[in-house]
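# Commentary on secondary and tertiary structure
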Amino acid sequence: MSAEHHHEHDLPFWRKYVFSVDHKVIGVQYTVTGLLFLFFGFCLMMIMRWQLAYPLEAIPVIGTWLSQSMVDADGVLIGDGYNALGAMHGTIMVFLGVVPLAVGGFGNFVLPLQVGAPDMAFPKLNMASYWVYLVGGIVMLIGFFVPGGAANSGWTSYTPLANIATTGQTVWLFGMVLLITSSLLGSVNFIVTTVQLRAKGLSFFRLPFFVWAQFVTSFLLLLAFPPLEAAGVLQLMDRLADTSFFMPTGLVVSGELQESIYSGGGSPLLWQHLFWFLAHPEVYVLILPAMGILGEVIACNTRKPLWGYKSLVYSAIFLGFMSFIVWAHHMFMTGMGTTLSTFFQATTMIISVPSVIILTCFIISLWNASIRYNTPMLFALAFLPMFAIGGLTGLPLGLTASDIHLHDTYYVIGHFHYVVAPGTIFALFAGVYHWFPKVTGRKMSEFMGKLHFWPSFVFINAVFMPMFFVGMAGVLRRQFDQTEQLQGAVVHGLTIMSSWGAWGLGLAQIPFIINFFWSIRKGEKVGDNPWEATTLEWAAPSPPPHGNFETVPVVHCGPYEYSVPEKKTDYCPQNVVMEA
């Protein structure tokens, strides 16, 4: 190990920090890139919220700077521009922001440390996964600069609309193929690392819950992404080679029969099946890493073992399995028939059970605990009711009768975003604050952290809670001018409230940005284990050197040995023999 350590320090800058094969550097690269994409995707949403609150009014400040494919000469957003913003916002936030941050960032940095490995199983494959992701992201952004603007067929890229859309849709598909390839490379690495590189004594039921969450997530990526990659290639063939995998016969566009474009005979519903076969497991690709982060933060800050550890593990595995047989609840409106609808309705109700078990385990873990209300714990605690709201509001969408009325309304937007925004993204913030000392050797400011948390908590509810009422009033999503639908001052007022909440949420991120960069240089210096946590990453130096550990760790106990009776300290690290 000493020779490898010396060799790592002899590497030139570009090999050590740019094209690095060290999992920690790659994890930081994923994290910073993912945060930048999240910020950009959030900016797109704030432009959309202006249009919804103040339809057909010029976008302030930047309106005249935007391309002609998005705004008119006065800086007013046009329909195609709004559709492009919606498609790119969804794509960027999910595929370029949350997933790379949750899996590529936290998974890459933390998982090898938590299993006691010196690095990932395939370091060069790991480097390749990041660079394929970055190139895919850049290709996505190029779509804004091609003739006709970025993809404007929604983040779901539904056919046949996507087949006849502008050049930006082709760019979108090329970007998606690269992003999927990146995820496949990463998922193989996580699975092999977890199975083969665990430290001596680290049995599967001694793994931290975070590792289990990443392990199950990797299988979801490995099994669910290939169908969408195949579908993306087929849609590219439809667009570029005049095939008709998804093009129906007798397509009518703007009142004119399109007989000469394609031979026809394809199935638009085939695209929906292939897309949602990925996209519902994708929801759990977002949620499971967030739950893994939550487990680490809650156990550490309650000073108690996680309640029902094995129940958490089995629920995560069952959640992963069930996520593959619920996809068509997104397709109740396609006329699939009552038999299939009833099947997917039943599986949708069943998949809520493991989520409730996981949430219950976390809540019971708080019972009678001596809770430390630091910044990561505040974000973790906020996740619990926010994810519960997202889950409960999803049940009516899983029932065929109520979904008829709620489908494609703002109710759906509210439900999904409660799961992903105050849910997953709050958990990611908890992870950033929790592991920042391990990455940098310094703590982030608690005062600035709380200044970030409380306005974010208030404003994020102001954004999404009104959407449930707007949706139940019948307002449809994906419409850039809802003037005719916003019947009554109350509904329009709720729409304006959502927009002001979004802009307030944007301002609330300023303390985080300042805190993040200020703390890298000026934050309080801390030791290797500032939180007095038990898992293996805290046995490594802060920041960890090449090879991670000064001595190869050996595991002697479970991951959450807190408040052990008759022990001198209230925690026992996994690499320490438990003594009275």
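Here is a short report on the structure shown in this document.

Rules behind the numbers
Residues numbered from 1 in each chain as written. Predicted model: local features only at pLDDT ≥ 70, side-chain atom pairs only at ≥ 80, totals over all residues. Heavy atoms only, no water. Salt bridge = Lys/Arg side-chain N within 4 Å of Asp/Glu carboxyl O. Helix = DSSP H or I, 4+ residues; strand = E, 2+ residues; numbered from the N terminus. Buried < 20%, exposed > 50% of the residue type's maximum accessible area, 1.4 Å probe, protein only. Core = buried A, V, L, I, M, F, W, Y, C linked by side-chain atoms within 4.5 Å. Contact = heavy atoms within 4.5 Å. Patch = residues over 30% accessible without salt bridge, like charges linked within 9 Å, V, L, I, M, F, W, Y side chains within 5 Å. Areas by Shrake-Rupley, 256 points an atom, 1.4 Å probe, with all protein chains shown as cover.

A word on the pattern of salt bridges. What the rule picks out here adds up to six salt bridges. Its salt-bridge partner being R478, residue D408 comes within 3.4 Å of it at the nearest N-O pair. Of the two residues, D408 sits in the loop between α12 (400-406) and α13 (410-440) while R478 sits in the loop between α14 (446-472) and α15 (489-508), which places them 70 residues apart along the sequence. Relative accessible area serves as the criterion here: at 27%, D408 is assigned to the partly exposed category. Taking relative accessible area as the criterion, R478 reaches 41% and is therefore assigned partly exposed. Here K450 and E446 are joined by a salt bridge, their closest N and O atoms 2.8 Å apart. A residue pair is termed a helical-turn pair when its members lie 3 or 4 positions apart in one helix, as K450 and E446 do in helix α14 at four residues. Here the residues in one salt-bridge network are R303, E532 and D570, joined through shared partners.

Another point: unusual backbone geometry. For the bond from T159 to P160, the omega torsion is 5°, close enough to zero to count as cis. On the secondary structure map, P160 appears in the loop between α5 (123-142) and α6 (167-196). Despite not being glycine, N368 has its phi angle at roughly 60°, a positive value. Within the secondary structure, N368 is located in the loop between α10 (338-365) and α11 (375-398).

Counting 166 residues, the largest nonpolar core has F209, M291, F362 and F383 as its most contacted members. Excluding residues within four positions of it along the chain, F362 makes contact with F209, M291, L294, G295, I298, L306, L312 and L384.

Another point: a nonpolar patch on the surface. A surface patch of nonpolar side chains, about 480 Å² in accessible area, is lined by F13, W14, Y17 and F19. According to the relative accessible area criterion, F19 is partly exposed, its value standing at 34%.

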